[in-house]
Amino acid sequence: MKKPSALLEQFSGLPDPRTGNAKRHELLDIVVITLCAVICYADSWEDVAAFGRTRKKWLKGFLALPNGIPSHDTFGRVFALLDAKAFEQCLSAWARDAAGVILGKTVAVDGKRLRRSHDRYHGTLALETVSAYLVSSGLVLGQRKVAEGTNEIQAAAELLSLLDLRGCIVTLDALHCQTDRARLIVDKGADYVLALKGNQAGLLERVESLFAEAENSRFTGMRHTRSKTVRKSRGRVETRVCTVISDPTCIEYVDFEGRWRQLKALIRMQRQRAADAAVEVSYYISSCALPAKALSQIIQQHWGIENELHYSLDVTFKEDLSRVRVGNAALNLAAVRRFVFSLLKRETSFKGSLKAKRLSAAWDPDYLLTVLACV
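Residues numbered from 1 in each chain as written. Predicted model: local features only at pLDDT ≥ 70, side-chain atom pairs only at ≥ 80, totals over all residues. Heavy atoms only, no water.

### Some words on the overall build of the protein
Here is step 1 of the chain: A count of helices and strands for the protein gives 15 helices and 9 strands.
Here is step 2 of the chain: Computed over the C-alpha atoms, the radius of gyration of the protein is 23 Å, within 12% of the 21 Å expected from 2.2 N^0.38 for a compact globule of 375 residues.
Here is step 3 of the chain: Across its three principal axes, the protein shows a C-alpha extent of roughly 80 × 40 × 40 Å.
Here is step 4 of the chain: In the protein, buried positions account for 52% of the 375 residues.
Here is step 5 of the chain: Taking the contacts inside the protein whose residues are at least 6 apart along the sequence as the reference set, 63% of them involve residues at least 24 apart.
Here is step 6 of the chain: Accessible surface, the protein: about 17,700 Å² in total, of which carbon and sulfur atoms supply 49%.
Here is step 7 of the chain: Within the protein, one finds 54 positive and 41 negative side-chain charges whose respective centroids are separated by 5 Å. (Helix = DSSP H or I, 4+ residues; strand = E, 2+ residues; numbered from the N terminus. Rg over C-alpha atoms; globule rule 2.2 N^0.38 Å. Buried < 20%, exposed > 50% of the residue type's maximum accessible area, 1.4 Å probe, protein only. Contact = heavy atoms within 4.5 Å. Areas by Shrake-Rupley, 256 points an atom, 1.4 Å probe, with all protein chains shown as cover. Lys, Arg positive; Asp, Glu negative; His and termini not counted. Charge placed at Lys NZ, Arg CZ, Asp CG, Glu CD.)

### A short note on the side chain of Ser342
Here is step 1 of the chain: For Ser342, the location among the structural elements is in helix 13 (residues 329–346).
Here is step 2 of the chain: Those residues in contact with Ser342, other than ones at most four positions away along the chain, are Trp94, Gly138, Leu139 and Val140.

### Considering the packing of aromatic side chains
Here is step 1 of the chain: Counted according to the given criterion, the structure contains 9 aromatic pairs.
Here is step 2 of the chain: Each ring, one from Phe211 and one from Tyr283, has its centre 5.8 Å from the other, and the planes form 50°; the classification is tilted. Of this pair, Phe211 sits in helix 9 (residues 201–216) while Tyr283 sits in strand 9 (residues 280–286), placing them 72 residues apart in sequence.
Here is step 3 of the chain: The cationic tip of Arg55 hangs over the ring face of Trp58; the distance from NZ or CZ to the ring centre is 5.7 Å.
Here is step 4 of the chain: Here Arg358 stacks its cationic end above the ring of Tyr41, 4.2 Å away from the centre of that ring. (Phe/Tyr/Trp six-rings, centres within 6.5 Å; stacked < 30°, edge-to-face > 60°. Lys NZ or Arg CZ within 6 Å of the ring centre and 35° of its normal.)

### As for the sheet that holds strand 6 (residues 224–233)
Here is step 1 of the chain: Reading across the sheet, the 9 strands line up as 3-2-1-4-5-9-8-7-6 and stay open at both edges, with mixed pairing between neighbours. Two strands bound the open sheet, and with one partner strand each, they are strand 3 (139–145) and strand 6. Averaged over all pairs of adjacent strands, the angle between strand axes in this sheet comes to 20°, irrespective of strand direction.
Here is step 2 of the chain: As defined by bridge partners, strand 8 (residues 265–272) adjoins strand 9 across 7 bridges and the pair is classed as antiparallel. Bridging across to strand 9, Arg268 finds its partner in Tyr283.
Here is step 3 of the chain: In this fold helix 6 (residues 84–99) packs onto strand 2 (128–134) and strand 3, with an angle of close to 155° to the strand it touches most, strand 3.
Here is step 4 of the chain: Docked against the sheet, helix 7 (residues 152–162) engages strand 1 (106–113), strand 2, strand 3 and strand 4 (169–172), running at close to 130° with respect to strand 3. (Pairing = 2+ DSSP bridges. Axes fitted to C-alpha atoms, helices over the stretch in contact; angles between N-to-C directions.)

### Observations concerning the environment of Phe51
Here is step 1 of the chain: Along the polypeptide, Phe51 turns up in helix 3 (residues 45–54).
Here is step 2 of the chain: Sequence spacing of Phe51 and Ala99 is 48 residues, and the spatial spacing of their C-alpha atoms is 30 Å.

### Observations regarding the pattern of salt bridges
Here is step 1 of the chain: Under the definition given, this model contains 17 salt bridges.
Here is step 2 of the chain: For Asp314, the salt bridge goes to Lys112, with nearest N and O atoms at 2.8 Å. Taken together, the residues span a long stretch of sequence, with Asp314 in helix 12 (residues 304–315) and Lys112 in strand 1 at a distance of 202 residues.
Here is step 3 of the chain: Judged by relative accessible area, Asp314 falls into the partly exposed class, the value being 28%.
Here is step 4 of the chain: According to the relative accessible area criterion, Lys112 is buried, its value standing at 8%.
Here is step 5 of the chain: Within this structure, Lys112, Arg115, Asp314, Glu319, Asp320, Arg337 and Arg338 form a network of salt bridges that share partners. (Salt bridge = Lys/Arg side-chain N within 4 Å of Asp/Glu carboxyl O.)

### Quick notes on the packing of helix 14 (residues 354–363) against helix 15 (residues 365–372)
Here is step 1 of the chain: For the pair helix 14 and helix 15, the least separation of the axes is 5 Å and the interaxial angle reads 125°. Our classification of the angle between helix 14 and helix 15 gives oblique. Seen along the crossing, helix 14 lies across helix 15 with a hand that is left-handed. Residues Lys357, Ser360, Ala361 and Trp363 of helix 14 touch helix 15, and the partners they reach there are Pro365, Tyr367 and Leu368.
Here is step 2 of the chain: Taken together, the residues of the contact of helix 14 with helix 15 sort by class into 5 nonpolar, 1 polar and 1 charged. (Parallel < 35°, antiparallel > 145°, perpendicular 65-115°, else oblique. Left-handed = near helix turned anticlockwise from the far one by under 90°. Nonpolar A, V, L, I, M, F, W, Y, C, P; charged D, E, K, R; others polar.)

### Comments concerning unusual backbone geometry
Here is step 1 of the chain: A positive phi angle, near 60°, is found at Phe219, a position not held by glycine.
Here is step 2 of the chain: By relative accessible area, Phe219 is classed as buried at 6%.
Here is step 3 of the chain: Phi is positive for Lys318, which is not a glycine, with a value near 55°.
Here is step 4 of the chain: As for its placement among the helices and strands, Lys318 is situated in the loop between helix 12 and helix 13.
Here is step 5 of the chain: Among the residues examined, Lys318 registers a relative accessible area of 34% and is labelled partly exposed.

Have a look at this one:
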């Protein structure tokens with residue numbers, strides 16, 4: 001049997017939080033069994049232990065297992081103690097290498113709450129994380145925990161500070177439309193596309209006023225581009241019109257104090273989902289003065305983190321139903337799910353859904369090895 005050597009090496013340097021007699025089982029064995037089990041549809045520590053017992057002979061082909069398969073309590077206890085940042089670094093290091101060159105690619109950043117990870121008895125809130133998602137490759141580049149009593153803003157800043165973003169385009173929703181965030185992204189060698197809403201009321205008002213005046217004058221003497229796309233999905237027709245103003249005079253008008261680092265484009269997106277429906281209008285700012293068609297695609301790609309990653313975590317991985325909550329266990333298991341999601345997206349020999357891939361890996365050990373070989 002071919003050993004998943006790259007996977008074993010990926011976690012070989014992970015620090016063991018246990019001491020003394022608590023080390024009956026190898027840390028690498030516990031981590032790798034958990035990864036394999038989650039690929040094969042395990043959702044709880046009981047599932048992970050059951051997978052280990054039924055696949056013990058197969059696992060012995062590349063794991064030590066000096067004292068057999070750990071109990072479900074051991075899996076839960078180790079992942080509760082495991083340093084979440086060190087574990088995340090192992091996973092993000094793989095994602096960084098797997099991503100390769102990200103020049104011009106969209107990295108969507110957004111938060112997600114694990115709704116049932118709260119603990120009312122101990123007064124702890126549900127875990128919230130912020131993830132960075134390379135849309136074109138289906139890779140989760142990293143995640144950060146949102147500290148209790150705060151929001152996603154600080155966690156997103158920490159995550160972006162750790163990632164190599166050179167040459168990519170970072171997209172964030174309106175919560176992150178902050179001058180500090182724009183500065184951080186540009187300083188990392190990347191560009192930004194930020195949704196603009198009421199938290200930047202003055203800037204939004206000036207952008208709205210500018211587009212209204214531009215429409216009245218038919219954009220005379222104003223550098224701009226426009227793109228129209230019509231999409232039909234699930235029986236619904238949606239028309240999108242993206243208009244981009246990149247005129248330096250207009251940029252200076254809306255950002256007269258020069259607070260937004262390298263602001264080069266003002267974007268208006270108009271959406272209409274039926275011929276007689278109201279037109280939804282949203283605004284964005286960007287540091288890249290690309291044509292309207294390209295910026296429209298980038299804005300649409302941002303929703304990949306919701307429609308692909310978060311949807312799959314909730315529906316395929318049942319993340320919102322998970323009651324794992326002791327210590328760092330919820331955060332570490334969330335990192336495992338995102339790592340497994342990336343592995344399954346990276347494995348392309350099997351043409352099927354993520355659900356079908358997980359079932360195939362559970363039924364066919366050879367295919368499970370194929371998935372593990374994507375590391």
